[in-house]
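# Observations on chain architecture
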Amino acid sequence: MATLPLGITLLGAPAATAAPQSDLADRALRGDEAAWNALVAKHNQRVVVALLGRGLGLERAKDIAQEAWLRLLEQQRAGRLRELRLPQLAITQATFLALDDQRKNGRTLALADGFDAADPAPLPSQQLIGEEQLARAQRVLAKCSPSARKVFSLVYGGGNLSHADVASRVGLSVQRVRQIVCEVRKELRREFEEDGDV
């Protein structure tokens, strides 16, 4: 398990508290380590899935998500972080890091939602693994209903839409949107856990 400075853990860390999101965000902005742990535990998977949706391989998505949390922590410590809207802020930070990483490697890749980015030139075996993972994710999504695919796309498409925003766009209750997202994520997890990819 990766660890941020101050012992903040990533990828499956237990939530330190059941405090409301706004209370956790306020405490994190004041430098509370337990609040950061809880926020990372709560939102990291969503950041990773958003990067997978943009075509990154699983391991690269995990690395970039960790770097995004580190950047947010650095910004908080430097006093440059005035508000902590999660998971949108972490997804946005991770997306910029992914785009910058790809740009630095000199090739252009068209990502979802019209983003253009530079694509690192992976080894052929890495490219095949990434393509295979993406194909597996696409197969899982293809089995979902059209409305579930639309909800999932709106939630993870990088538009920083809340569940309430998505619910109003598709004409469903917020609870149903959350349920759909959980169901699709469960299917994706099942697909990748079968071979130990997660």
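In this text, all values refer to a predicted model and were calculated from it rather than measured experimentally.

### What to know about the overall build of the chain
Each helix and strand counted, the chain has 8 helices and 2 strands in total. Counting every position in the chain, which comprises 198 residues, the buried fraction comes to 40%. A sequence separation of at least 24 residues applies to 53% of the contacts in the chain between residues at least 6 apart. Accessible area of the chain: about 10600 Å², with a carbon and sulfur share of 51%.

### Brief notes about the nonpolar core
One recurring pattern in soluble globular proteins: nonpolar side chains tend to sit buried together. Grouped together as the largest cluster of nonpolar side chains are 48 residues, with contacts concentrated most on Trp36, Val47, Leu51, Trp69 and Leu84. If you list the elements that add at least two residues to this core, you get helix H1 (21-29), helix H2 (33-53), helix H3 (58-77), helix H4 (88-104), helix H5 (124-143), helix H6 (146-156), helix H7 (163-170) and helix H8 (174-193). Looking at this core, the element that brings in the most residues is H2, giving 10 residues.

### Looking at the pattern of salt bridges
A complete count under the given rule lists 7 salt bridges for this structure. In this structure, Glu67 engages Arg71 in a salt bridge whose closest nitrogen and oxygen atoms are separated by 3.0 Å. Note that Glu67 and Arg71 are positioned in helix H3 at a spacing of 4 residues, about one turn of the helix. By relative accessible area, Glu67 is classed as partly exposed at 29%. Given a relative accessible area of 32%, Arg71 falls into the partly exposed group. Counted as one network, the salt bridges with shared partners bring together Asp23, Arg27 and Asp32.

### Looking at the packing of H1 against H2
At a closest axis distance of 8 Å, the pairing of H1 and H2 adopts a crossing angle of 130°. Here H1 lies oblique to H2, going by the angle between them. You can see that H1 and H2 cross each other, and the crossing is left-handed. On the side of H1, the interface is formed by Gln21, Leu24, Ala25, Arg27 and Ala28, while H2 contributes Ala34, Ala35, Trp36, Ala38, Leu39, Lys42 and His43. The class makeup of the residues in the contact of H1 with H2 is 8 nonpolar, 2 polar and 2 charged.

Calculation rules
For every chain, the first residue of the written sequence is number 1, and numbering continues from 1 onward in sequence order. Selection of residues for local features in this predicted model requires a pLDDT of at least 70, selection of side-chain atom pairs for listing and counting requires 80 or more, and totals for whole chains, interfaces and linings are taken over all residues. Note: side-chain values were computed over all heavy atoms of the structure, leaving out hydrogens and water. The helix and strand labels rest on DSSP assignments: H or I over at least four residues marks a helix, E over at least two residues marks a strand, and numbering proceeds from the N terminus. For each residue, the accessible area found with a 1.4 Å probe, counting protein chains only, is set against the maximum for its type, and the residue is called buried under 20%, exposed over 50%, and partly exposed in between. Should any heavy atoms of two residues lie within 4.5 Å, those residues are considered in contact. To measure how exposed things are, a 1.4 Å probe is used in the Shrake-Rupley method; for residues, cover is taken only from the protein chains shown. We define the nonpolar core as a collection of buried residues of types Ala, Val, Leu, Ile, Met, Phe, Trp, Tyr and Cys that are connected through side-chain atoms lying within 4.5 Å of one another. The term salt bridge refers to a side-chain nitrogen of Lys or Arg lying within 4 Å of a carboxyl oxygen of Asp or Glu. In this description, a line fitted to the C-alpha atoms serves as the axis of each element, helices being fitted only across the stretch in contact, and the angle between N-to-C directions of two axes falls anywhere from 0 to 180 degrees. Should an angle fall under 35 degrees it is called roughly parallel, over 145 degrees roughly antiparallel, and 65 to 115 degrees roughly perpendicular, with every other angle called oblique. Helix crossings get a hand from a simple test, with the near helix turned counterclockwise from the far one by less than a right angle marking a left-handed crossing and a clockwise turn marking a right-handed one. Under the grouping applied here, Gly and all other residues not named as nonpolar or charged are polar, the nonpolar ones being Ala, Val, Leu, Ile, Met, Phe, Trp, Tyr, Cys and Pro and the charged ones Asp, Glu, Lys and Arg.

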